[in-house]
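# Observations on the model geometry
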Amino acid sequence: MVFAAGFGTRMRPLTDTRPKPLVEVAGKPLLDHALELTECVSRVVVNAHYLGEQIADHLAGRNVDVVHETEILDTGGGLRNALPRLGPGPVFTLNSDAVWTGPNAIETLRAAWFPEEMDALLLLVPVQNARGYSGTGDFSLDREGRLTRGDGYVYSGAQIIKPDGLSEFSEPAFSLNLLWNKMQAAGRLFGVAHPGGWCDVGHPGGIAVAEEMLAEAGNV
C-alpha cells in the first residue's frame, strides 16, 4: 500500500493546486518514484483524499487500485480501510513523500522478514545518511534488530507489517505508531537498515536535495 491521502501542508505552496504525491522530483511525480519499488508486488493499493481525483486520473489505466477516503484516516485507519482491497497480510506499506536509491526497499524488507519473530519490520536509515532530514532519529536498533523509541535511525517510510492488530482500535483515524507501540512492548517490532540513499521530500527544500542524490546515484 502506498499512502497518498495527506494534505501536503509542509509542501505548500506547491500543494495548493495538486496533491503532494504528484509533486515532481527529477521530472517524475513522487508517487511514481514510490510505485517503481512495487513492481515486485502483485497487488498495489493507493489511498487518496486531498485532490484525490488528480491521483485517480494519474493512475488511470495502471494496475493500481485507488481507495478514496472521504475523511483523512491517518496511516493506521487508512491501512485498515484498504484491507478489503489488499487481502490478508502481511502488507508492504510505502510513504509517497520520500525517494530511495540503491537496492529496492521492498526487496530489502522481504529478505529480512521472519514472520515467526516479527509483527512489523521497518526500513530504517542511519541519521547521518538521511538527506532532507534535521532530527536525531526515530528509533534505536539493538543487535538482534529489535526497535525501541530513540535516536540513531530514521524511519524511511517503508515497512512490512501484519495488519491483524488494527482491529483493536475503535477510532476511525489513528496512526500506525499506536500499533508499533504495542508491537514494541511485545518485543516484535524490528528494523533493518537501508544500504542505499534516502531523502525526505515532505517539504519544498527536499526536492533539490533528492534530485542531487538521484544524480549522484546515476538514477537521472
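Residue positions are given per chain, counting from 1 as you read along its sequence in written order. Given that the model is predicted, a residue must reach a pLDDT of at least 70 before its local features are reported, and side-chain atom pairs must reach 80 or more before they are shown or counted; all residues, however, enter totals for whole chains, interfaces and linings. Note that the side-chain values use all heavy atoms of the structure and ignore hydrogens as well as water.

## Some remarks on the overall build of the protein chain
Only DSSP runs of H or I covering at least 4 residues are called helices, and only runs of E covering at least 2 are called strands; the numbering of each starts at the N terminus. Looking only at helices and strands, the protein chain features six helices and 14 strands. Relative to the globule expectation of 17 Å for 220 residues, the C-alpha radius of gyration of the protein chain, 16 Å, shows essentially globular dimensions. Along the longest, intermediate and shortest principal axes, the C-alpha atoms of the protein chain span 45 × 40 × 30 Å. Contact between two residues is taken to exist if any of their heavy atoms lie within 4.5 Å; hydrogens are not considered. A separation threshold of at least 6 residues defines the contact pool for the protein chain, and within that pool the share at least 24 residues apart is 68%. Two things to know: the radius of gyration comes from C-alpha atoms, and the globule rule equals 2.2 Å times the number of residues to the power 0.38.

## A closer look at the side chain of Asp97
Mapping Asp97 onto the fold places it in the loop between β6 (91-95) and β7 (98-100). For the purposes of these results, a polar contact is taken to be a pair of N or O atoms within 3.5 Å, where, inside protein, one atom must be able to donate a hydrogen and its partner to accept one; residues adjacent in sequence count only when each atom of the pair is a side-chain atom. A distance of 3.1 Å separates the side chain of Asp97 from the side chain of Lys20, its partner in a polar contact. Once residues within four sequence positions are removed from consideration, Asp97 is found in contact with Arg10, Lys20, Leu30, Cys199, Asp200, Val201 and Gly202.

## Concerning the packing of aromatic side chains
Here a pair means two rings of Phe, Tyr or Trp (six-membered ring of Trp) with centres within 6.5 Å. Their orientation is stacked below 30 degrees between planes, edge-to-face above 60, and tilted elsewhere. Enumeration over the complete set of coordinates arrives at four aromatic pairs. With 5.9 Å between their ring centres and 65° between their planes, Phe139 and Trp180 make a pair best called edge-to-face. Here Trp180 lies in helix α5 (residues 176-185) and Phe139 lies in strand β10 (residues 139-141), a separation of 41 residues in the sequence. For the pair formed by Phe139 and Trp180, the shared burial category is buried. Seen in terms of ring centroids, Phe169 and Phe174 are 4.7 Å apart; in terms of plane orientation they differ by 25°. Their pairing is stacked. Both residues of the pair, Phe169 and Phe174, belong to the buried class. One aromatic cluster is present, built from ring pairs that chain together Phe139, Tyr155 and Trp180. When accessible area is computed with a 1.4 Å probe and restricted to protein chains, residues below 20% of their type maximum are described as buried, those above 50% as exposed, and intermediate ones as partly exposed.

## Concerning the sheet that holds strand β9 (residues 130-131)
Taken in spatial order, the three strands line up as β7-β14-β9 in an open sheet, and their pairing is mixed. Looking at strand neighbours, the two that pair on one side only are β7 and β9, the edges of this open sheet. DSSP-based pairing: two strands are paired if at least 2 bridges between them are found. Of the strand pairs in this sheet, β9 and strand β14 (residues 198-200) are connected by two bridges, and their pairing is parallel. Paired with Ala130 across the strands is Trp198, a residue of β14. Axes, fitted as lines to C-alpha atoms, cover a helix only where it is in contact. Angles between the N-to-C directions of the axes lie from 0 to 180 degrees. Along the sheet, helix α6 (residues 205-216) makes contact with β7, β9 and β14, crossing β14 at roughly 170°.

## Observations regarding unusual backbone geometry
With the exception of glycine, most residues fall at negative phi, and the peptide bonds are largely trans. In this chain, Arg12 is followed by Pro13 through a cis amide linkage whose omega measures 10°. Note the cis peptide between Gly89 and Pro90, where omega equals 5°. Looking at where Pro90 falls in the secondary structure, it is placed in the loop between α3 (74-86) and β6. A positive phi angle, near 50°, is found at Leu51, a position not held by glycine. Within the secondary structure, Leu51 sits in the loop between β4 (45-48) and α2 (52-59). Notably, Asp74 is not glycine yet its phi reads approximately 65°, a positive angle. Take Asp74: it is sitting in helix α3. Residue Asp74 is classed as partly exposed on the basis of its relative accessible area of 39%.

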